[in-house]
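In case you want the letters, here they are:
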Amino acid sequence: VPGKARVRMRALFDSGSEETYISARLRRAIGAPTVETERFGSEVFGGRKLPERVHDRVCLRVRSWDGKLFEINAWEIEQICSRLSSAPLAMEDVRP
């Protein structure tokens, strides 16, 4: 039933961010309703620029691990993060 799906997900909340995004895949999984649309281009984490297109702003409810319920409006975007390269890390370089 759209709007009633429950899924476990990982989320990063950045209080300094100008916008909130949800992946198209997660939006499809939970059936979040569209509240508005807007045309814009974007740049994903990792620096890749995505072409301008129409995006849906969706409304979703998120329950935190401690039971608090939050209503969030987020822009649906096909890709939130570009592929990031990894670098070797020596344990002696890790400091507490």
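Residues numbered from 1 in each chain as written. Predicted model: local features only at pLDDT ≥ 70, side-chain atom pairs only at ≥ 80, totals over all residues. Heavy atoms only, no water.

Trainee: Give a description of the pattern of salt bridges that names residues and reports values.
Mentor: The tally for this structure, following the rule as stated, stands at seven salt bridges. Notably, a salt bridge pairs D56 with R27, separated by 3.1 Å at the nearest N-O pair. Highlighted residues: D56 in strand β3 (residues 49–63) and R27 in helix α1 (residues 24–30), separated in sequence by 29 residues. For D56, a relative accessible area of 22% translates into the label partly exposed. Residue R27 is classed as buried on the basis of its relative accessible area of 12%. Residues R61 and E71 are paired through a salt bridge, measuring 3.5 Å at the closest nitrogen-oxygen approach. In this pair, R61 sits in strand β3 while E71 sits in strand β4 (residues 69–77), placing the two residues 10 residues apart along the sequence. The exposure classification of R61 matches that of E71, with both residues exposed. Among the ionic contacts, a cluster of salt bridges with common partners joins E19, E36 and R57. (Salt bridge = Lys/Arg side-chain N within 4 Å of Asp/Glu carboxyl O. Helix = DSSP H or I, 4+ residues; strand = E, 2+ residues; numbered from the N terminus. Buried < 20%, exposed > 50% of the residue type's maximum accessible area, 1.4 Å probe, protein only.)

Trainee: Quick one: what's the story with the sheet that holds strand β1 (residues 21–23), residue by residue and with numbers?
Mentor: Spatially, four strands are ordered β1-β4-β3-β2 in an open sheet, and the strand pairing comes out mixed. Single-partner strands in this sheet number two, and they are β1 and β2 (34–43). Across the sheet, the mean angle separating the axes of adjacent strands is 45 degrees when strand polarity is ignored. Pairing between β3 and β4: seven bridges, direction antiparallel. Along β4, the bridge assignment pairs R57 with W75. (Pairing = 2+ DSSP bridges. Axes fitted to C-alpha atoms, helices over the stretch in contact; angles between N-to-C directions.)

Trainee: I'd like a description of the packing of aromatic side chains, backed by residues and values.
Mentor: Geometry of an aromatic ring pair is reported as the spacing of the ring centres plus the angle between the planes. Summed over the entire model, instances satisfying the criterion amount to one aromatic pair. The interplanar angle of 75 degrees and the centroid separation of 5.2 Å between the aromatic rings of F40 and W75 together place this pair among those described as edge-to-face. With a gap of 35 residues between them, F40 in strand β2 and W75 in strand β4 connect regions that are remote in the sequence. What makes W75 buried here is its relative accessible area of 3%. (Phe/Tyr/Trp six-rings, centres within 6.5 Å; stacked < 30°, edge-to-face > 60°.)

Trainee: Give a detailed account of the nonpolar core, specifying residues and quantitative values.
Mentor: Counting nine residues, the largest nonpolar core consists of I22, L26, I30, A32, V58, L60, V62, I72 and A74. Elements supplying a minimum of two residues to this core: α1, β3 and β4. Of the residues forming this core, the biggest block, three residues, is contributed by β3. Setting aside residues no more than four positions away along its own chain, I22 makes contact with R27, I30, V58, L60, A74, W75, E76, I77 and I80. (Core = buried A, V, L, I, M, F, W, Y, C linked by side-chain atoms within 4.5 Å. Contact = heavy atoms within 4.5 Å.)

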